[in-house]
Amino acid sequence: KLSQKAYESGVLYMKMEEYSAAILAFKQVIKLYYDTDFIELAHMKTIACHIYKNEFEEAREYYDLKRNHIEKIKMDDLVDAWFVQKRVLDGLELE
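Reference entry: report on the structure contained in this document. Just so we're clear, the structure is a prediction, and the values are computed from it rather than from any experiment. (Residues numbered from 1 in each chain as written. Predicted model: local features only at pLDDT ≥ 70, side-chain atom pairs only at ≥ 80, totals over all residues. Heavy atoms only, no water.)

On to helix H5 (residues 76–85), then. Turning to H5, its buried residues number three or more, namely Asp-76, Leu-78, Val-79, Ala-81, Trp-82 and Phe-83. On its buried face, H5 is in contact with helix H3 (39–52) and helix H4 (56–72). (Buried < 20%, exposed > 50% of the residue type's maximum accessible area, 1.4 Å probe, protein only. Helix = DSSP H or I, 4+ residues; strand = E, 2+ residues; numbered from the N terminus. Contact = heavy atoms within 4.5 Å.)

What follows concerns the side chain of Glu-40. Tracing the backbone shows Glu-40 in helix H3. By relative accessible area, which is 6% here, Glu-40 ends up buried. With residues up to four places along the chain from it excluded, the contact list for Glu-40 reads His-69, Ile-70, Lys-72 and Ile-73.

Core analysis: the biggest nonpolar cluster contains 29 residues, and Ile-47, Val-79 and Trp-82 have the highest contact counts within it. Elements supplying a minimum of two residues to this core: helix H1 (2–15), helix H2 (19–32), H3, H4 and H5. Ranked by residues supplied to this core, first place goes to H3 with 7 residues. Sequence-distant contacts of Trp-82, that is, excluding residues within four places in its chain, are made with Met-44, Ile-47, Ala-48, Ile-51, Arg-87, Val-88 and Leu-89. (Core = buried A, V, L, I, M, F, W, Y, C linked by side-chain atoms within 4.5 Å.)

Next up, the structure:
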């Protein structure tokens, strides 16, 4: 329950375009709730936040380190497309 609340806080910060705050929220999820279902999504959203901030190098480095988490939820094709397009896409834009 707490892991979901922390994750949703990060998502809310993203909606408010407060990407640095969102990254901090997702770091909290990763640090405190590493054994929950939210860790992979928190890694993915962290990458998205870096891309929204035009921090492509940071996004790429983070992705390279955490790719196994993204592959676990079968979202690596989507995240790979983010780097090609230099923007965050949703799954529908790939179809």
